[in-house]
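Overview (structure and organization)
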Amino acid sequence: MPKRVDHEKRRSQIAEALIRVAAARGLHAVGMRDVAAEAGVSLRLVQYYFETKEKLLLHGLQHLVDGFTARVTARIATAGADPGPRTVIEALLLAALPVDEESRAFHLLHTSYTLLAVTDPALAAQPPFGNARAAEDAVTALLRKAVETGRAAPGTDPGAEAAALLAMSAGLGTSVLTGYRTAQSATAVLRHQLDRILPPAP
């Protein structure tokens, strides 16, 4: 009886190999042959699933985003059934900081994909670039809820603070990648800003 192949699992295996190779060498230097070698499969198999390098890169981006979403969800789940705006925002921001191998790969490759999207219309149309405001809108909505329930500092502007927090998170992540500051320092800066906007309960 022929062995049944789990195609989705195989595609994920190849996407994870792409992420590992790109995190080590840079997205611009990745070839389909490199990914095949890292995944332990033939070049022909990679081409069977993705046909072109462009399609492989697009799938790799979605796999990267899915992994990030899963890490955020796992962080939130540890806070119980009703985590509150502060917990959700903190989970989102801290999951993006390059504090371990997985988050470092996410930040590095997300930045690389962003730069490619500037000149690649096909990539720019993909999530998260096709809906670039999704994260900002989500954080804005959480901050608005905090304002409405009295959990935010007086005078908080949800939209402005959401944009500032996300920009700060991205900048801090890059500073960790380049060795300018430690992951612990970046985490402390983010929490300091969150304490200003969403003060801990007495």
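Below is a short write-up of the structure. The residue count restarts for each chain, going from 1 along the sequence in the order it is written. A pLDDT threshold of at least 70 governs which residues receive local features in this predicted model, and a stricter bar of 80 or more applies before side-chain atom pairs are shown or counted, although totals over entire chains, interfaces and linings include all residues. Each side-chain value is worked out from all heavy atoms of the structure, with water and hydrogens disregarded.

Re unusual backbone geometry
What counts here: Numbering of helices and strands starts at the N terminus; helices are DSSP runs of H or I of at least 4 residues and strands are runs of E of at least 2. Throughout, exposure labels follow a simple rule: accessible area from a 1.4 Å probe, protein chains only, divided by the maximum for the residue type, with under 20% read as buried, over 50% as exposed, and the rest as partly exposed.
Non-glycine residue Glu51 carries a positive phi angle of around 65°. For Glu51, the location among the structural elements is in the loop between helix H3 (43-50) and helix H4 (53-77). Relative accessible area serves as the criterion here: at 53%, Glu51 is assigned to the exposed category.

Brief notes about the environment of Leu56
Turning to its location among the elements, Leu56 is positioned in helix H4. Taking C-alpha positions, Leu56 is 28 Å from Ala167, a pair spaced 111 residues apart along the chain.

Topic: the packing of aromatic side chains
For clarity, the cut-off: Any Phe, Tyr or Trp ring, taking Trp's six-membered ring, that has another such ring centre within 6.5 Å forms a pair; planes under 30 degrees apart are called stacked, those over 60 apart edge-to-face, and the others tilted.
Taken as a whole, this structure holds two aromatic pairs when the rule is applied. Between Tyr48 and Tyr49, the ring centres sit 5.0 Å apart and the planes meet at 80°, which makes this aromatic pair edge-to-face. Each ring, one from Phe68 and one from Phe106, has its centre 4.5 Å from the other, and the planes form 10°; the classification is stacked. Residue Phe68 is located in helix H4, and its partner Phe106 is located in helix H6 (residues 101-117); the two are separated by 38 residues in the primary sequence.

A closer look at the nonpolar core
Applicable threshold: The term nonpolar core refers to a set of buried residues drawn from Ala, Val, Leu, Ile, Met, Phe, Trp, Tyr and Cys, joined through side-chain atoms within 4.5 Å. In what follows, residue pairs with any heavy atoms lying within 4.5 Å of each other are defined as contacts.
Of all hydrophobic cores here, the largest spans 36 residues; its most connected members are Ile14, Leu18, Val35, Val46, Leu56 and Tyr113. When contributions to this core are tallied by element, the ones reaching two or more residues are helix H1 (7-25), helix H2 (32-39), H3, H4, helix H5 (84-95) and H6. By residue number, the principal contributor to this core is H4, which donates eight residues. Ignoring any residue separated from it by four or fewer positions in sequence, one finds Leu56 in contact with Ile14, Leu18, Met32, Val35, Val46 and Phe50.

As for H5
Because each turn of an α-helix spans 3.6 residues, side chains separated by three or four positions in sequence point in the same direction. What counts, and what does not: One fewer than the residue count of a helix, multiplied by 1.5 Å, yields its expected span.
Its twelve residues give H5 an end-to-end C-alpha distance of 17 Å, which sits within 8% of 16 Å, the value for a rise of 1.5 Å per residue. In terms of burial, H5 is largely enclosed, as nine of its twelve residues are buried. The set of residues buried in H5 consists of Gly84, Pro85, Val88, Ile89, Glu90, Ala91, Leu93, Leu94 and Ala95. Of the surrounding secondary structure, the elements contacted by the buried residues of H5 are H4, H6, helix H8 (134-148), helix H9 (158-177) and helix H10 (183-197).

Re the packing of H1 against H4
Our working definition: Angles here are taken between N-to-C directions and fall from 0 to 180 degrees, while the axes themselves are lines fitted to C-alpha atoms, restricted in helices to the stretch in contact. For classification, angles of less than 35 degrees are called roughly parallel, those exceeding 145 degrees roughly antiparallel, those between 65 and 115 degrees roughly perpendicular, and all remaining angles oblique. Residue classes follow a fixed rule: Ala, Val, Leu, Ile, Met, Phe, Trp, Tyr, Cys and Pro count as nonpolar, while Asp, Glu, Lys and Arg count as charged, and any other residue, Gly among them, counts as polar.
With their axes 9 Å apart at the nearest point, H1 and H4 run at an angle of 90° to one another. Judged on the interaxial angle alone, H4 and H1 are roughly perpendicular. In contact with Glu8, Arg11, Ser12, Ile14, Ala15, Glu16, Leu18 and Ile19 of H1, H4 contributes Leu56, Leu57, His59, Gly60, His63 and Leu64. When grouped by side-chain class, the residues that make up the contact of H1 with H4 number seven nonpolar, four polar and three charged.

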